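Overview (structure and organization)
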Amino acid sequence: MSLAELEAAWPVDGEIPLPECSYDSELHTGPHATIETAVERAAREAVAREICAGCPAQVFCAAYALKLQPTAGVWAGRTAAEMAAEAPEFNTLAAA
C-alpha cells in the first residue's frame with residue numbers, strides 16, 4: 001500500500017491522525033547515542049507496546065512493517081523480530 005493509499009484510507013473526521021510513535025520515536029526505535037541493557041530494552045519495548053495498543057495507525061503500521069521488514073524497533077506493538085516471525089503467516093493469508 002502506498003503512502004497516498006494509506007492517507008486516503010486513514011482520515012478520522014476529515015483529518016489524518018498522527019501515529020502515536022511520532023510523539024516519541026526513540027521509545028519505539030531505541031536510543032541512538034547510548035547502548036541500552038537488555039532490561040532497559042525490555043522496559044522500553046513494554047511501554048512502546050502499550051502506546052501502540054491505542055494507536056489509530058496500528059493496522060497501517062503492521063502492514064507497512066510487514067512490507068518493510070524492519071530489523072529493529074517496535075512496530076504495531078511487535079518487535080522487529082516478532083514481525084519477521086509473523087511475516088510468512090501474513091504472506092500465506094494474503095496469497096489465499
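Residues numbered from 1 in each chain as written. Predicted model: local features only at pLDDT ≥ 70, side-chain atom pairs only at ≥ 80, totals over all residues. Heavy atoms only, no water.

Overview of the side chain of His28
Residue placement: His28 occurs in helix 2 (residues 25-29). Those residues in contact with His28, other than ones at most four positions away along the chain, are Cys21, Arg44, Ala48, Ile51, Cys52, Gly73 and Val74. (Helix = DSSP H or I, 4+ residues; strand = E, 2+ residues; numbered from the N terminus. Contact = heavy atoms within 4.5 Å.)

Points about the nonpolar core
One finds Ala62, Ala65, Leu66, Trp75, Ala76, Met83 and Ala87 forming the largest nonpolar core, which totals seven residues. Elements with a minimum of two residues in this core: helix 4 (58-68) and helix 5 (80-95). Here this core takes three residues from helix 4, the largest share from any one element. Those residues within four positions of Trp75 in sequence are excluded, and the remaining contacts are Cys61, Tyr64, Ala65, Leu68, Pro70 and Met83. (Core = buried A, V, L, I, M, F, W, Y, C linked by side-chain atoms within 4.5 Å. Buried < 20%, exposed > 50% of the residue type's maximum accessible area, 1.4 Å probe, protein only.)

Examining unusual backbone geometry
The residue Gln69 is not glycine, and still its phi comes out positive at about 55 degrees. Within the chain, Ala76 stands out as a residue other than glycine whose phi angle is a positive 55 degrees. Inspection of the secondary structure puts Ala76 in the loop between strand 1 (74-75) and strand 2 (78-79).

Some remarks on helix 3 (residues 38-53)
In a regular helix each residue adds 1.5 Å, so 16 residues correspond to 22 Å; helix 3 covers 22 Å between its end C-alpha atoms and thus fits that length. What helix 3 keeps buried is the set Arg44, Glu45, Ala48 and Cys52. The buried residues of helix 3 occupy an angular sector of 100 degrees when the element is viewed end-on, so they sit on one face. More than 90 degrees from the buried face of helix 3, the exposed residues found are Val39, Glu50 and Ala53. (Expected span 1.5 Å × (residues − 1). Arc of directions from axis to C-beta.)

Comments concerning helix 4
Given 3.6 residues per turn, any residue in an α-helix points the same way as the ones three and four places further on. Looking at helix 4, one finds that the buried residues are Phe60, Ala62, Ala65 and Leu66. The first or second residue beyond helix 4 is Gln69, which carries a positive phi of 55 degrees.

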